[in-house]
Amino acid sequence: MDKFTTLTGVAAPMPLINVDTDMIIPKQFLKTIKRSGLGKNLFDEMRFDDDGAEIPDFVLNKPQYRSAEILVAGDNFGCGSSREHAPWAIKDFGIRCVIAPSFADIFFNNCFKNGILPIALPQETVDILMKDAEKGSNARMTIDLEAQTITTSEGEAITFEVDPFKKHCLLEGLDDIGLTMEKSTNIDSFESSAAQSRPWV
Amino acid sequence: MSPKTLYDKIWDAHVAHEADDGTCLLYIDRHLVHEVTSPQAFEGLRMAGRSVRAPDKTIAVPDHNVPTTAGREDPANMTGDSAIQVAALDKNARDFGIHYYPVTDVRQGIVHIVGPEQGWTLPGMTVVCGDSHTATHGAFGSLAHGIGTSEVEHVLATQTLIQKKSKNMKVEITGTLRPGVTAKDITLSVIGKTGTAGGTGYVIEYCGEAIRDLSMEGRMTVCNMAIEGGARAGLIAPDEKTYEYCKGRPHAPKGAQWEAAMDWWKTLYSDDDAHWDMVVMIKGEDIAPVVTWGTSPEDVLPITANVPAPEDFSGGKADAAKRSLDYMGLAPGTPLEDVAIDTVFIGSCTNGRIEDLRAAAEILRGKKIKDGMRAMVVPGSGLVRAQAEEEGLADIFRDAGFEWRLAGCSMCLAMNPDQLEPGERCAATSNRNFEGRQGRGGRTHLMSPAMAAAAAVTGRLTDVRELM
Ligand code: SF4
């Protein structure tokens, strides 16, 4: 997995609540058997019209946000289906950090597994960052995962919370499966005792 | 011993390792797999030279993008990319030696219907699937939730999931339901009350007399939509109905093992003085037949209400409501019963079980769908389909003018050829009314099977009580 340490980049404002995974990557793009190449269809139905032409008003089509690496959004971001294609598309587009007042559970977890940092902050703080993002491409934010800070284009530093284990894995780019396999003796002994106590499983 | 909730008990029975910070390795009893969220996981295993740790606990079935029309076993009748995904599942199931129900098998169907039907899902188990509606299996008092593809790979390789414990929420539905009110109305009404993020961070246990009165099918409908309420999982404590449903299923325990299982299952309930982080209570008598008007499952109103106005909401919801109404092509103040519909879809893991088909057929018996209406029934599994044919339900649907399809997800998410046209309005028994969910520009109103059948007859959103 790609490491996430610090990131300085343009933040795109998306002040919508309940952005669901169907919006992030519509189902017609789920038929791939690969993880890559989904960025061109990120937010497809909001980004392109029926003929495939760009909708100029959509934030990621605006010149100043085309290479955004951070997304600032409304409450309950990533709700809906468990499709990991959503974080794959976000990452493939080039976005490595999403900031919102809250996230749907599965999406939130999926981000960490793909080197994306989701940051949940109180609404008032997200409002400040949303305003900052609205300034366009000269307003670059800096995210420092080690220090757990976001620095706005004005130099204001905001701290955020992150689960220590998830932080560690992101900073080091650690693969969960490898980590778990180190505990295989625990799994073995769980399995043998469960075979006694719940043999029907 | 300190009192525990049902969730606490199942959780405690499955922790294989706990780190100092509370991060646990949760052992997984059943891993269900479908064709859309698994190819990259199997690819990951191959790349790392890993195998499936517990193939006998891993069950695969293609459902999301298989066509539901005759001749589908021929890949030539699938779109190229669907055929590739289904072929990948075929190959992965074979290569890794996991249980598999291909489209040619009568037991094939939507993964969340097949699991319980075959007795894979049992009380007290941990069940996961790369699909958010895994919550369905919670109806058996099993801890069941959706996972992403990286987690699918993790479970395949290690039979565990890295998890932190969620909080406990109790949703109690007291009393009895009024005529015409169903499990679907319960679950939609709960989401209408708590909102789509209300359950975030929680596992919900549904309880109360109205829940106990539901059949297993109804309980599955309730738990299915726990995810729409934002919860990690929904649970209902097992009881006689649960045991009765499980008994004799192909993969349920038999003989002495059944007795041993029952002994444990009977301990699976929340202790009287268990701690709840949040409690929601709704009177069964207060629940009406409901429909959704917007593009979020929380946009729920009784069928007798009018389309709301953005001003009825505050904060970000006002903007969201405006966007929803534009998308749905609805004017504030319109009685919901005046909203004309074009299409009816009965099916999905929410409402594709035999009881759902019975409820819809009951309304349709001897009636015809409105002229020009497109209506389809997609049974949740081949076995549901066979049973409905045996009971004569299929004839009622066909005589009324419904298409009688083969099992799959179909128009619930429109990954197969069953899709809405832009602007087409659908009465659907599925679980999501998101923009474009049933086809780009398509407009979805969620409701119960009986309400969807009523809408098919009148050609508009209809209070089913008028036809009862
Ligand atoms: S029926 Fe719909 S919600 Fe259920 S598993 Fe299939 S696509 Fe998902």
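The structure displayed is predicted, hence computed values, not measured ones.

Chemist: Now, about the interface of chain B and chain A: what can you tell me, with residues and values included?
Modeler: Each side of the interface is counted separately: chain B has 74 residues, and chain A has 52 residues. Between chain B and chain A lies a buried interface of about 5,300 Å² when both sides are counted; carbon and sulfur atoms form 56% of it. In terms of surface lost to chain A, no three residues of chain B exceed B:Gln40, B:Arg53 and B:Arg440, which account for 13% of the buried area on that side. Here A:Asp22 ties to B:Arg437 by a salt bridge, and the two come within 3.6 Å at their closest N and O atoms. Every element with two or more residues in the side of chain B that touches chain A is listed here: β1 (15-18), β2 (24-27), α2 (39-48), α3 (80-96), α5 (149-158), β8 (160-163), α10 (255-265) and α11 (316-328) of chain B. A total of seven residues in the side of chain B that touches chain A trace back to one element, the largest contributor, which is α5(B). Considering only residue class, the side of chain B that touches chain A consists of 27 nonpolar, 27 polar and 20 charged.

Chemist: Tell me what's going on with the side chain of B:His14, and back it up with residues and numbers.
Modeler: Along the chain, B:His14 falls in the loop between α1 (6-12) and β1. A distance of 2.6 Å separates polar atoms of two side chains, one belonging to B:His14 and the other to B:Asp29. Setting aside its immediate chain neighbours within four residues, B:His14 contacts A:Phe190, A:Arg198, B:Leu25, B:Leu26, B:Tyr27, B:Asp29, B:Gly124, B:Met125 and B:Thr126.

Chemist: So what about unusual backbone geometry? Which residues, and what values?
Modeler: In this structure, A:Asn18 is a non-glycine residue whose phi angle is positive, near 55 degrees. You can see A:Asn18 is positioned in the loop between β1 (6-14) and α1 (21-24). Residue B:Ser410 is not a glycine yet carries a positive backbone phi of 55 degrees. Looking at the element boundaries, B:Ser410 is found in the loop between β17 (403-404) and β18 (425-428). Looking at B:Ser410, the relative accessible area reads 0%, which means it is buried.

Chemist: How would you summarise the pattern of salt bridges if you had to cite specific residues and measurements?
Modeler: Taken as a whole and assessed by the stated rule, the structure comprises 40 salt bridges over all chains. In this structure, A:Asp132 and A:Lys135 form a salt bridge, with 3.1 Å as the shortest nitrogen-oxygen distance. For A:Lys135, a relative accessible area of 45% gives the class partly exposed. When the shortest N-O distance is used, the salt bridge between B:Lys165 and B:Asp8 registers 2.4 Å. With B:Lys165 in the loop between β8 and β9 (167-174) and B:Asp8 in helix α1, the pair connects residues that are 157 residues apart, well separated along the chain. Residue B:Asp8 is classed as buried on the basis of its relative accessible area, which comes to 10%. Among the charged side chains, a network of salt bridges with common partners joins B:Arg385, B:Glu389, B:Asp395 and B:Arg398.

Chemist: With reference to specific residues and values, describe the site of the ligand.
Modeler: Residue and element names in this part refer to chain B. Residues in contact with the ligand, as listed here, are His64, Ile110, His112, Asp131, His133, Ser348, Cys349, Cys409, Cys412, Leu413, Asn431 and Arg437. Here the ligand is seated within the second largest cavity. Classifying every residue of the shell around the ligand gives five nonpolar, five polar and two charged.

Chemist: Can you explain the confidence of the model for chain B? Please cite residues and give values.
Modeler: Averaged over every residue, the pLDDT of chain B is 96; residues scoring 70 or more account for 100%. Per the prediction output, this complex has pTM 0.92; the corresponding ipTM is 0.91.

Chemist: Now, about helix α8 (residues 216-224) of chain B: what can you tell me, with residues and values included?
Modeler: Residues separated by three or four positions in an α-helix point in the same direction, a consequence of the helix having 3.6 residues per turn. Of all nine residues in α8(B), nine are buried; the element is thus mostly enclosed. Burial in α8(B) covers these residues: B:Met216, B:Glu217, B:Gly218, B:Arg219, B:Met220, B:Thr221, B:Val222, B:Cys223 and B:Asn224.

Chemist: Could you give me a rundown of α11(B), with the residues and numbers involved?
Modeler: Residues and elements named next belong to chain B. The end-to-end C-alpha distance of α11 is 18 Å, a good match for the 18 Å that 13 residues give at a rise of 1.5 Å each. Here α11 has its buried residues at Lys317, Ala318, Ala320, Ala321, Ser324, Leu325, Tyr327 and Met328. Looking at the buried side of α11, the elements it contacts are β18 and β19 (443-446). Glycine 329 lies just past α11 and shows a positive phi near 65 degrees.

Chemist: How would you summarise empty space enclosed by the protein if you had to cite specific residues and measurements?
Modeler: One pass over the full model with this rule turns up five cavities of 30 Å³ or more. Of the voids in this model, the largest cavity is the one considered here, and its volume is about 330 Å³. Lining the largest cavity are 30 residues, and of these A:Asn18, A:Asp20, A:Asn76, A:Cys79 and B:Phe434 sit closest to its centre. Of all the elements in the fold, those that place two or more residues in the lining of the largest cavity are α4 (105-112) of chain A together with α11 of chain B. Broken down by element, the lining of the largest cavity gets its largest block of residues, five residues, from α11(B). Its residues assigned to classes, the lining of the largest cavity comprises 11 nonpolar, 11 polar and eight charged.

Chemist: An account of the sheet that holds strand β3 (residues 30-33) of chain B is requested, with residue identities and associated values reported.
Modeler: All names here are of chain B. Strands sit in the order β5-β4-β3-β6-β7 across an open sheet of five strands; the sheet is parallel. Sheet topology places β5 (99-100) and β7 (143-146) at the edges, where each strand pairs with a single neighbour. In the sheet, β3 pairs with strand β4 (residues 58-60) via three bridges, with the strands oriented parallel. Bridging across to β4, valine 33 finds its partner in alanine 60.

Chemist: Lay out the sheet that holds β2(B) with the relevant residues and their values.
Modeler: Residue and element names in this part refer to chain B. An order of β1-β2-β8 is seen for the three strands of this open sheet, with the pairing classed as antiparallel. Edge positions in the sheet fall to β1 and β8, since each has one partner strand and no second. Pairs of neighbouring strands in the sheet enclose a mean axial angle of 20 degrees, with direction left out of account. As paired strands, β2 and β8 are joined by four bridges and run antiparallel to one another.

Criteria and thresholds
Every chain is numbered on its own, with residues counted from 1 as its sequence reads. Whichever chain is written first becomes A and whichever ligand is written first becomes 1, with later ones labelled in order. Local features are withheld for residues below a pLDDT of 70 in this predicted model, meaning they are given only at 70 or higher, and side-chain atom pairs are given and counted only at 80 or more; totals for whole chains, interfaces and linings count all residues. The basis for the side-chain values is all heavy atoms of the structure; hydrogens and waters are excluded. Any two residues whose heavy atoms approach within 4.5 Å at even a single point are treated as in contact. Two parts placed together each lose some accessible area under a 1.4 Å probe, and the buried area is that loss summed for both. Salt bridges are identified by distance alone: a Lys or Arg side-chain nitrogen within 4 Å of an Asp or Glu carboxyl oxygen. Helix and strand assignments come from DSSP, with helices taken as H or I runs of at least 4 residues and strands as E runs of at least 2, each series counted from the N terminus. Basically, the charged four are Asp, Glu, Lys and Arg, the nonpolar ten are Ala, Val, Leu, Ile, Met, Phe, Trp, Tyr, Cys and Pro, and anything else, Gly included, counts as polar. Pairing of N or O atoms within 3.5 Å defines a polar contact, subject to two protein rules: one partner must be a possible hydrogen donor and the other a possible acceptor, and residues neighboring in sequence count only if both atoms are side-chain atoms. Burial here depends on accessible area, computed with a 1.4 Å probe over protein chains only, as a share of the maximum for the residue type. Under 20% is buried, over 50% is exposed, and the range in between is partly exposed. One heavy atom within 4 Å of a molecule or strand makes the whole residue count as near it. Only protein atoms enter the 1 Å grid used here. Points where a 1.4 Å probe fits but cannot escape make up a cavity, open sets with protein on both sides within 12 Å along at least five of seven lines make up a pocket, and a residue lines them when an atom lies within 4 Å of a point. What decides whether a molecule sits in a cavity or pocket is whether more than half of its atoms lie within 2 Å of the grid points. A residue's pLDDT is the predictor's confidence in that residue, given on a scale from 0 to 100. Here the expected length of a helix is defined as 1.5 Å per residue gap, with one fewer gap than residues. Grid points are joined across faces, edges and corners, and a volume is the space filled by probe spheres set on the points. Being paired, for any two strands, means DSSP has found at least two bridges between them. Every axis corresponds to a line fitted to the C-alpha atoms, with the helix fit spanning only the stretch in contact, and the corresponding angles, defined between N-to-C directions, vary from 0 to 180 degrees.

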